[in-house]
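Chains, contacts and geometry: an overview
Letter by letter, the chains look like this.
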Amino acid sequence: MIIRLFDLQFARLKRQKILYLFFAVMTALILSNALSCAGGSEDAGMGYYAGGKFPTMCMQSYIDIVGTLFLGFVSAVLICGERANGMFKQPLLNGVSKKQLLLAKTGSIFAVSLLCFMFVVLCSIGTGFFFWGDQIFDHAQTYCLQMGLLLFPLTTLVLFFVFLSLYMSSISGMLCASLIILLVNNLFSQFFGAYISYFDFMYYLYAFSGYNGAELAGRIILSGILVSVITGIILAYGIRIRINRMIL
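This structure is a prediction, so every number in the text was calculated from the model and none was measured.

A few words now on the overall build of the protein chain. The helix and strand inventory of the protein chain stands at 9 helices and 0 strands. Listing the helices and strands of the protein chain from first to last along the sequence gives α-α-α-α-α-α-α-α-α. A burial count over the protein chain gives 47% of its 248 residues as buried. In the protein chain, once contacts between residues fewer than 6 apart in sequence are set aside, the share between residues at least 24 apart is 75%. In the form shown here, the protein chain has an accessible surface area of approximately 12,200 Å², with 67% of it arising from carbon and sulfur atoms.

Turning to the environment of Phe 161, a few remarks are in order. Summarising the element assignment, Phe 161 is placed in helix H5 (residues 140–165). Take Phe 161: its relative accessible area is 1%, and that puts it in the buried class. Placed 85 residues apart in sequence, Phe 161 and Ala 76 show a C-alpha to C-alpha distance of 8.4 Å. If near-sequence neighbours (up to four positions away) are discounted, Phe 161 is found in contact with Thr 68, Leu 71, Gly 72, Ser 75, Met 174, Ser 178 and Leu 182.

Attention shifts here to the packing of H5 against helix H9 (residues 218–246). In a packed pair of helices, the relevant descriptors are the angle between the two axes and the axis-to-axis distance. One way to put it is that H5 packs onto H9 with a least axis distance of 9 Å and a crossing angle of 25°. Judged on the interaxial angle alone, H9 and H5 are roughly parallel. Crossing hand, H5 versus H9: left-handed. Mapping the contact onto sequence places Leu 149, Phe 152, Pro 153, Thr 156, Leu 159, Phe 160, Val 162 and Phe 163 in H5 and Ile 221, Ile 225, Ser 228, Val 229, Thr 231, Gly 232, Leu 235, Gly 238 and Ile 239 in H9.

Next up on the list: a nonpolar patch on the surface. Residues Ile 180, Val 184, Leu 187, Phe 188, Phe 191, Phe 192 and Tyr 195 make up a contiguous nonpolar surface patch of about 750 Å² in total accessible area. With respect to the element layout, Tyr 195 can be found in helix H7 (residues 193–196). Judged by relative accessible area, Tyr 195 falls into the exposed class, the value being 61%.

Let us now look at the side chain of Ser 178. Looking at the element boundaries, Ser 178 is found in helix H6 (residues 171–191). Setting aside residues no more than four positions away along its own chain, Ser 178 makes contact with Leu 69, Gly 72, Phe 161 and Leu 164.

As a further point, take the packing of aromatic side chains. According to the stated counting rule, one finds 15 aromatic pairs in the structure shown. Between Phe 130 and Phe 131 the ring centres are 5.5 Å apart and the planes differ by 80°, which places this aromatic pair in the edge-to-face class. Under the relative-accessibility criterion, Phe 131 is labelled partly exposed at 28%. Three or more aromatic residues link up through ring pairs in this structure, and these residues are Phe 22, Phe 23, Tyr 62, Phe 70 and Phe 119. The ring centre of Tyr 167 lies 4.4 Å from the NZ or CZ of Arg 242, which sits over that ring.

Secondary-structure assignment places Gln 146 in helix H5. When sequence neighbours within four positions are dropped, the list of residues in contact with Gln 146 reads Thr 56, Phe 208, Ser 209, Gly 210 and Leu 216.

Chain-level statistics for the protein chain give a pLDDT mean of 84 and a share of 87% at 70 or above. Considering each helix and strand of the protein chain separately, the mean pLDDT is smallest for helix H1 (residues 2–15), with a value of 70, and largest for H5, with 92.

Thresholds, definitions, all that
Residues numbered from 1 in each chain as written. Predicted model: local features only at pLDDT ≥ 70, side-chain atom pairs only at ≥ 80, totals over all residues. Heavy atoms only, no water. Helix = DSSP H or I, 4+ residues; strand = E, 2+ residues; numbered from the N terminus. Buried < 20%, exposed > 50% of the residue type's maximum accessible area, 1.4 Å probe, protein only. Contact = heavy atoms within 4.5 Å. Areas by Shrake-Rupley, 256 points an atom, 1.4 Å probe, with all protein chains shown as cover. Axes fitted to C-alpha atoms, helices over the stretch in contact; angles between N-to-C directions. Parallel < 35°, antiparallel > 145°, perpendicular 65-115°, else oblique. Left-handed = near helix turned anticlockwise from the far one by under 90°. Patch = residues over 30% accessible without salt bridge, like charges linked within 9 Å, V, L, I, M, F, W, Y side chains within 5 Å. Salt bridge = Lys/Arg side-chain N within 4 Å of Asp/Glu carboxyl O. Phe/Tyr/Trp six-rings, centres within 6.5 Å; stacked < 30°, edge-to-face > 60°. Lys NZ or Arg CZ within 6 Å of the ring centre and 35° of its normal. pLDDT = per-residue confidence, 0-100.

Here it is in structure tokens:
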């Protein structure tokens, strides 16, 4: 039954062409980045990311606004849209409980997040290989570590968007809230990182991707994993409580 519910969620996204739009936008963005890097100076600006550091640049573009806001949009469509239509207030057919439906939607958002993440990884490496050949693997150890670490705050981000969408009653409201939160967090992460790194998991989207030249020191890695995991557990507990209240 859960597998069937997963299929229904992906079918809904497929009908609305949401994933196709994301793939098209990210492909265009990655190609634009590659062309800018190829034509820039190797010592400064975009040219700094030419070759082996290009995948790092693409991940920074993904977590900055495009990728993170897209996950908020998917959460809005799959959860807020159903709430606005009154789906969770109506009895469901075919023996499907509201709790099962919400869990399937949450799992679908996780799957979409991983799919988009892997698309950016593979597309950036493939594009980089086309432009710079074997140079794309010069810093493979570094960007593979960055991508592995990014899975922690990205997973927590999905839980955050699910939690937020369970309290928002419309898609537009969810999108506005997501955009404001991301923009404010971007600002604080760049100027007050030393303070918010102790409790803000979103800070590590930038720290783990080398944003603004941030280095992957051991303390940053450990604190980022701990903050992401602890926040994820709290959000998962909050999601569970909210779902239980919604199905009463």
